[in-house]
Amino acid sequence: MSSLWDILKDCKGFDWDEANSIHIARHKVLPNEAEDVFFDKANTLYDDLKHSIKEVRFIIIGKTQKGRLLYQVFTKRENKIRILSSRDINRKEVKLYEKST
């Protein structure tokens, strides 16, 4: 498991375009809401080994400023965070988040 700081220490923002904005909108998540998860001090980070075939991917679980718990898959492209997927967490994932806090 990687440290979020180690992964993101040289990042300078988020990489958004129409494709990933539309993808997360299917789960009623807005880009600014998805970004909140990275600033949740209690967020939980996992390596996404199952889906890291073409690029290294990570899973982050955290709370938005409004208290919504999200499960997100992201990668780092150059010096930006690219959120690939974002959705509400399920019961099993709630336990993972609570266990880490």
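Everything here concerns the structure above.
Just so you know, these numbers come straight off a predicted model, no measurement behind them.

Novice: Sorry if this is basic, but what is going on with unusual backbone geometry here?
Specialist: Negative phi values dominate among residues other than glycine, just as trans dominates among peptide bonds. Positive phi, normally seen in glycine, also occurs at Lys28, with a value near 60°. By the element assignment, Lys28 lies in the loop between helix H2 (18-25) and helix H3 (31-36).

Novice: How should the sheet that holds strand E2 (residues 57-63) be read in this particular structure?
Specialist: Strand pairing in a sheet is mediated by backbone hydrogen bonds. Such pairs are either parallel or antiparallel. With antiparallel pairing, four strands are arranged side by side in an open sheet as E1-E2-E3-E4. Single-partner strands in this sheet number two, and they are strand E1 (44-47) and strand E4 (80-88). Neighbour to neighbour, the strand axes of the sheet diverge by 25° on average, direction disregarded. Pairing between E2 and strand E3 (residues 69-77): seven bridges, direction antiparallel. Each bridged residue has a counterpart across the sheet, and for Lys63 the counterpart in E3 is Leu69.

Novice: So what exactly am I meant to see when it comes to the pattern of salt bridges here?
Specialist: Oppositely charged side chains can form a pair if their charged atoms are brought close together. Evaluated as defined, the whole model comprises eight salt bridges. With a shortest N-O distance of 3.2 Å, Arg82 and Asp17 are connected by a salt bridge. Within this pair, whereas Arg82 is found in strand E4, its partner Asp17 is found in the loop between helix H1 (4-8) and H2, the two being separated by 65 residues in sequence. For Asp88, the salt bridge is made with Arg68, and the minimal N-O distance between the two is 2.6 Å. One end of the pair, Asp88, is in strand E4; the other, Arg68, is in the loop between E2 and E3, and 20 residues separate them in sequence. Since its relative accessible area comes to 40%, Asp88 is described here as partly exposed. Salt bridges sharing common partners tie together Asp15, Asp17 and Arg82.

Criteria and thresholds
- Residues numbered from 1 in each chain as written.
- Predicted model: local features only at pLDDT ≥ 70, side-chain atom pairs only at ≥ 80, totals over all residues.
- Heavy atoms only, no water.
- Helix = DSSP H or I, 4+ residues; strand = E, 2+ residues; numbered from the N terminus.
- Pairing = 2+ DSSP bridges.
- Axes fitted to C-alpha atoms, helices over the stretch in contact; angles between N-to-C directions.
- Salt bridge = Lys/Arg side-chain N within 4 Å of Asp/Glu carboxyl O.
- Buried < 20%, exposed > 50% of the residue type's maximum accessible area, 1.4 Å probe, protein only.

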